[in-house]
Amino acid sequence: MFKDSQLHPIWAKVQRQERVSPEEVLPLFKTQDVLGLGKIANHIKERKTGDRVTYVVNRQINPTNLCVLSCRFCDYASKKGRPNAYSMTMEEILSKCSPELREVHIVGGLNHEWPFEQYLKIVSEVHKKFPNLQVKAYTAVEIDFFARIEKCSVKEILSRLKDAGLMCLPGGGAEVFSERVRKSLFPFKIGAPRWLEIHKAAHELGIRSNSTLLYGHMETFEERVVHLKKLRDLQDETGGFLSFIPLAYQPGKTKVVDRQTSAIDDLRTIAISRIFLDNFDHIKSYWVTLGEETASMALAFGADDLDGTIFEERIMHAAEAASPVGMAKERLERLIRSASRVPAERDALYKIYPSSKDIHNERLALA
Ligand code: SF4
């Protein structure tokens, strides 16, 4: 049935709904039977969410690219006085919001000229002016920065943000949980223990969060597996993660590696994530870093979500991502249908909107 005999025991375990170990999953990063791997991952995806693939009508807002850090792989951050440096006013930020949006995703640089109150005000103003818009804001790196400038605990920062209207946390800033990679690419940014501590604190306060892996640079397959294991362990403990989002590194100008990793590596990584993260409900095919074609193929390799309309993505596009900066809702739905899946609109917490087409009827239409 499988060309690679290593897939047989994995398939048997998946059918019995048993957990796969790090040792079992590691060799899969080199399997030549990519279609066989995809079949296993797809089986899990369909068991969890059937034919459905979700997306969200959202917008990214990156309020400032001024950042106290200079991570080696980052094309986005800038310093005061440089031509590309910017900080948005509150009016600019609010002008990017509208009642048609379900979710706003707010992340940016660690701007030492902005007190925490400024970051807090962004959340409270958006929430006040657009009460139906769900605010997903600030990575663990930003939360750590706020706690340091405010000289208070992470829990206090998160509680104040929650009171201001924060709905959930994005998953960025995790990069890859490896001290070796951290020392080389982002030595002054938080590492795995602090990232995990912050997400755990959020979950304990009832704030759901997302998780990511930045892959395709200098990390090893072993380091990818260690990363996945740490996420799976925390999810066992708290159950607070909404999704896992593998992010393909964009070489841009930083050129940690010369070219983006292959589509085959993308598909293997998504499939392995789906197989290994048995306690995660959602694996995202993030079209911004994958490109539309690979993102659409990933829907047959275990992914069940395409992210959203986004409108204005600045961070990956500063690193010369080839995808469009935003996508119309109709185009997202077309992409999903072209993969023989049924589109459904969701909110930031992955709740399906009642306005989404009736999935059963649409499945019949597809048959
Ligand atoms: S990756 Fe984040 S923390 Fe690092 S320089 Fe860029 S914006 Fe700043």
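In this text, all values refer to a predicted model and were calculated from it rather than measured experimentally.

So, the overall build of the protein chain
Along the protein chain, the regular secondary structure elements total 16 helices and 10 strands. Taken against the 2.2 N^0.38 rule, which gives 21 Å for 367 residues, the C-alpha radius of gyration of the protein chain at 20 Å falls within 12% of a compact globule. Viewed in the frame of its principal axes, the protein chain has a C-alpha envelope of about 60 × 50 × 40 Å.

Quick word on the confidence of the model for the protein chain
Considering every residue of the protein chain, the mean pLDDT works out to 94; 96% of them sit at 70 or more. For residues 358-367, every residue scores under 50 in pLDDT, and the model assigns this stretch 9 contacts once sequence neighbours within four places are set aside.

Some words on the site of the ligand
Around the ligand sit Cys67, Leu69, Ser70, Cys71, Cys74, Tyr76, Ala77, Gly109, Leu110, Val141, Phe186 and Lys189, and that is every residue in its neighbourhood. Residues that form the shell around the ligand fall into these classes: 9 nonpolar, 2 polar and 1 charged.

Section: the environment of leucine 26
Structurally, leucine 26 can be placed in the loop between helix H2 (22-25) and helix H3 (34-49). Judged by local crowding, leucine 26 falls into the partly exposed class, with 17 C-beta atoms found within 10 Å. The sequence separation of leucine 26 and isoleucine 198 amounts to 172 residues, and the corresponding C-alpha distance is 27 Å.

Some remarks on the sheet that holds strand E8 (residues 282-283)
Strands belonging to one sheet form pairs held by backbone hydrogen bonds; the direction of such a pair is parallel or antiparallel. Spatially, the 7 strands line up as an open sheet ordered E2-E3-E4-E5-E6-E7-E8, and their pairing is parallel. Single-partner strands in this sheet number two, and they are strand E2 (58-61) and E8. Across the sheet, helix H10 (residues 221-238) touches strand E6 (208-215) and strand E7 (241-248), and the angle it forms with E6 is around 170°. Sheet strands touched by helix H11 (residues 263-276): E6, E7 and E8. Its angle to E7, the strand with the most contacts, is close to 160°.

Comments concerning the sheet that holds strand E10 (residues 342-345)
The parallel open sheet is built from 3 strands, whose spatial order is E9-E1-E10. Unpaired on one side and paired on the other, strand E9 (305-308) and E10 mark the two borders of the sheet. Each neighbouring strand pair of the sheet contributes to a mean axis angle of 25°, computed without reference to strand direction. In this structure, strand E1 (residues 52-56) lies alongside E9, joined through 2 bridges in parallel fashion. Residue threonine 54 lies in a different strand from E9, and its bridge partner there is aspartate 305.

Details of the packing of helix H1 (residues 7-15) against H3
Running from amino to carboxyl end, H1 crosses H3 at an angle of 5°, the nearest separation of the two axes being 11 Å. Of the possible angle classes, the one that applies to H1 and H3 is roughly parallel. Note on element contacts: H3 touches H1 through Gly36, Leu37, Ile40, His43 and Ile44, opposite Leu7, Ile10, Trp11 and Val14. A per-class count over the contact of H1 with H3 returns 7 nonpolar, 2 polar and no charged.

Brief notes about the environment of threonine 294
Assignment of secondary structure puts threonine 294 in helix H13 (residues 292-297). Here threonine 294 is in contact with Ala263 and Asp266, once residues within four sequence places are set aside.

Examining helix H9 (residues 192-204)
When the terminal C-alpha atoms of H9 are compared, their 18 Å separation across 13 residues agrees well with the 18 Å that a helix rising 1.5 Å per residue should span. By the burial criterion, the buried members of H9 are Trp195, Leu196, Ile198, His199, Ala201 and Ala202. Trailing H9 by a residue or two, glycine 206 shows a phi angle of about 85°, which is positive.

Considerations on helix H7 (residues 154-164)
Within H7, burial applies to Val154, Ile157, Leu158 and Leu161. Each buried residue of H7 sits inside an arc of 95° when the element is viewed along its axis, so together they form one side. Those residues of H7 that are buried are in contact with helix H5 (116-129), helix H6 (140-150), strand E5 (166-169) and H9. Residue glycine 165 follows H7 closely and has a positive phi angle near 125°.

Some thoughts on the pairing of E2
Taken residue by residue, a regular strand's side chains alternate between the two faces of the sheet. Alternating residues of E2 divide into Asn58 and Gln60 and Arg59 and Ile61, and every residue in both groups is buried. Judged from the 4 bridges that link them, E2 and strand E3 (residues 103-106) form a sheet pairing that is parallel. The residue bridging isoleucine 61 from the neighbouring strand is isoleucine 106, located in E3. Crossover handedness for the path E2 to helix H4 (residues 90-95) to E3: right-handed.

Describing the packing of H9 against H10
The interhelical angle for the contact between H9 and H10, taken along N-to-C directions, is 25°, at an axis separation of 11 Å. Accordingly, the angle class assigned to the pair H9 and H10 is roughly parallel. Like other packed secondary-structure pairs, H9 and H10 cross with a definite hand, here right-handed. Contacts between H9 and H10 involve Ala192, Leu196, His199, Lys200 and His203 from the first element and Lys230, Leu234 and Thr238 from the second.

Rules used in this analysis
- Residues numbered from 1 in each chain as written.
- Predicted model: local features only at pLDDT ≥ 70, side-chain atom pairs only at ≥ 80, totals over all residues.
- Helix = DSSP H or I, 4+ residues; strand = E, 2+ residues; numbered from the N terminus.
- Rg over C-alpha atoms; globule rule 2.2 N^0.38 Å.
- pLDDT = per-residue confidence, 0-100.
- Contact = placed C-beta atoms within 7 Å.
- Near = placed C-beta within 6 Å.
- Nonpolar A, V, L, I, M, F, W, Y, C, P; charged D, E, K, R; others polar.
- Buried ≥ 20, exposed ≤ 12 C-beta atoms within 10 Å, placed from the backbone.
- Pairing = 2+ DSSP bridges.
- Axes fitted to C-alpha atoms, helices over the stretch in contact; angles between N-to-C directions.
- Parallel < 35°, antiparallel > 145°, perpendicular 65-115°, else oblique.
- Expected span 1.5 Å × (residues − 1).
- Arc of directions from axis to C-beta.
- Right-handed = clockwise from strand over helix to strand, strands pointing away.
- Left-handed = near helix turned anticlockwise from the far one by under 90°.

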